[in-house]
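One-letter residues, chain by chain:
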Amino acid sequence: MPTPTARQVQPLIDERPASHPGSLERGIDILLALGAASRPLSLSELCRSTRLPKSTAHRILGVLCSRELARRVGNGYLPGELLESMAGITRARVPGTRRMVLPYLLYLYETTRQTVNLAVPANLEARYVERLYGHNRVSSRSDCLDRAPLHCTATGKALLAFDPGLRQELLARGSFERMTHRTITTLAGLERELAQIRRHGVAYALEEYTEGVACVAAPVFGPDGRICMSLGVSTPATAAPLAKLGISVRGAAQAISAALVGTSRSDYWNAP
């Protein structure tokens, strides 16, 4: 049998021109678009951003979601938990970065002398990306995990109240795990609670996640007017009046939001 020549072997190699990217390049384009967004992107928005046909983008998104690199929220898409873990959630999901936010966290700590938390949504949980611990803190279930359920924490409920897509995804469950005897476990009960949070701008959780721990939180909004994180204070349940803490927390959250509004989108995402 004659030995194949280089000319005969060469056609077996993928020689597609660079102008026709393969699935890997297309998938990367979608992930980059999701990572740069501050809210869920619809299929149409992703197609406009990546210039991919809808059928192609939909097929690739299906693969990305199955591998936890992307996730669906309502009619839109966000980076998946695996992608957030690989990329570093503090940079990917905390617009404003530590340089802008940390001074307000320190001020809130000095004002309250209680544990201060900064949370972002991550796969239907509140993930704590900054924590300043108070001296008289009570141990919480979230101490080792740096994450907690949305429905029974003040930071989680603040995120749910002002993020329609996140709320729709969680409420689709219909019922929620009971963590203590005070945990809200019904859809109607949680809806009433979230309506109160939207009305007053402050979320409360009194021993709903951990016995002996009370929490107060308020939403933080980015330059686009959408909630991007929640700022909270946790305290022993008998340490201080929650209404008084609520004033301090809401004021600090509003100050962070005002600072973020004055930030350009480039600085908002790229500051160290």
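Small disclaimer: the values here were computed from a predicted structure and weren't measured.

Conventions and cut-offs
Residues numbered from 1 in each chain as written. Predicted model: local features only at pLDDT ≥ 70, side-chain atom pairs only at ≥ 80, totals over all residues. Heavy atoms only, no water. Helix = DSSP H or I, 4+ residues; strand = E, 2+ residues; numbered from the N terminus. Areas by Shrake-Rupley, 256 points an atom, 1.4 Å probe, with all protein chains shown as cover. Phe/Tyr/Trp six-rings, centres within 6.5 Å; stacked < 30°, edge-to-face > 60°. Buried < 20%, exposed > 50% of the residue type's maximum accessible area, 1.4 Å probe, protein only. Lys NZ or Arg CZ within 6 Å of the ring centre and 35° of its normal. Axes fitted to C-alpha atoms, helices over the stretch in contact; angles between N-to-C directions. Parallel < 35°, antiparallel > 145°, perpendicular 65-115°, else oblique. Contact = heavy atoms within 4.5 Å. Salt bridge = Lys/Arg side-chain N within 4 Å of Asp/Glu carboxyl O. pLDDT = per-residue confidence, 0-100. Pairing = 2+ DSSP bridges. Core = buried A, V, L, I, M, F, W, Y, C linked by side-chain atoms within 4.5 Å.

## Remarks on the overall build of the protein
Tallying secondary structure elements over the protein gives 12 helices and 9 strands in all. Carbon and sulfur atoms make up 55% of the accessible area of the protein, which amounts to about 14,000 Å² in all.

## Structural notes on the packing of aromatic side chains
Two measures describe an aromatic ring pair: the distance that separates the ring centres and the angle between the ring planes. Scanning the entire structure with this criterion turns up 1 aromatic pair. Ring geometry for Phe 162 against Phe 221: centres 5.5 Å apart, planes inclined by 90°, an arrangement best described as edge-to-face. Within this pair, whereas Phe 162 is found in helix H8 (residues 154-162), its partner Phe 221 is found in strand S8 (residues 213-221), the two being separated by 59 residues in sequence. Among the residues examined, Phe 162 registers a relative accessible area of 22% and is labelled partly exposed. For Arg 131, the ring lying beneath its charged end belongs to Tyr 128, and the centroid distance is 4.4 Å.

## A word on the packing of H8 against helix H9 (residues 164-171)
Axis separation between H8 and H9 bottoms out at 5 Å; the angle between their running directions is 110°. Considered as vectors, H8 and H9 are oriented roughly perpendicular to each other. For the pair H8 and H9, the contacting residues are Leu 159, Leu 160, Ala 161 and Phe 162 in the first and Pro 164, Leu 166, Arg 167 and Leu 170 in the second.

## Some details on the pattern of salt bridges
Within the structure shown, the criterion is met by 6 salt bridges. Among the ionic pairs, Glu 110 bridges to Arg 113, the shortest N-O distance being 2.9 Å. A salt bridge links Arg 182 to Glu 207, with the nearest nitrogen and oxygen atoms 3.4 Å apart. Taken together, the residues Arg 182 in the loop between H9 and helix H10 (187-200) and Glu 207 in the loop between strand S7 (203-206) and S8 connect sequence positions 25 residues apart. Linked through salt bridges whose partners overlap, the residues forming this network are Lys 157, Glu 193 and Glu 208.

## Digging into the confidence of the model for the protein
One rule of thumb: low pLDDT means the predicted coordinates there are not for detailed reading. Across the protein, the average pLDDT comes to 81, with 78% of residues at or above 70. Between residues 6-19, whose pLDDT stays under 50, and residues either more than four places distant or in other chains, the model counts 4 contacts. Contacts from residues 264-272, a stretch scored under 50 in pLDDT, to residues over four places away or in other chains number 23 contacts.

## Things to note about the side chain of Asp 163
Within the secondary structure, Asp 163 sits in the loop between H8 and H9. Given the relative accessible area of 18%, Asp 163 is considered buried.

## Focus on the sheet that holds strand S1 (residues 41-42)
As summarised here, the arrangement of the 3 strands in space is S1-S3-S2, forming an open sheet in which the pairing is antiparallel. Two strands bound the open sheet, and with one partner strand each, they are S1 and strand S2 (70-73). By the bridge criterion, 4 bridges tie S2 to strand S3 (residues 76-79) in an arrangement that is antiparallel. Following the sheet pairing, Arg 72 is matched in S3 by Tyr 77. Packing against the sheet, helix H2 (residues 23-36) makes contact with S1, S2 and S3, and its axis sits at approximately 90° to S3.

## Description of the nonpolar core
Formed by 28 residues in total, the largest nonpolar core has its most connected members in Leu 150, Leu 160, Leu 170 and Leu 190. Among the secondary structure elements, those contributing two or more residues to this core are strand S5 (125-132), H8, H9, H10, S7 and S8. Sorting elements by how many residues they give to this core places H8 first, with 5 residues. Excluding anything up to four places from it in sequence, Leu 170 contacts Leu 124, Leu 150, His 151, Leu 160, Phe 176 and Leu 190. Counting residues in each nonpolar core, the second largest holds 25 residues, with Leu 118, Val 216, Val 233 and Ala 252 among its members.

## Overview of the sheet that holds strand S9 (residues 227-236)
Ordered by their spatial adjacency, 6 strands build an open sheet running S6-S5-S4-S9-S8-S7, and the pairing between neighbours is antiparallel. A single partner strand is all that each edge strand has here, and the edge strands are strand S6 (147-149) and S7. Pairwise comparison of adjacent strand axes, ignoring direction, gives a mean angle of 30° for this sheet. As paired strands, S8 and S9 are joined by 9 bridges and run antiparallel to one another. Along S9, the bridge assignment pairs Cys 215 with Ser 234. The strands that helix H11 (residues 242-261) touches are S7, S8 and S9; relative to S8, the one it contacts most, it runs at about 25°.

## Some points on unusual backbone geometry
With a phi close to 65°, Glu 68 is a non-glycine residue in the positive phi region. Positive phi is not limited to glycine here, since Glu 207 has a value of about 55°.

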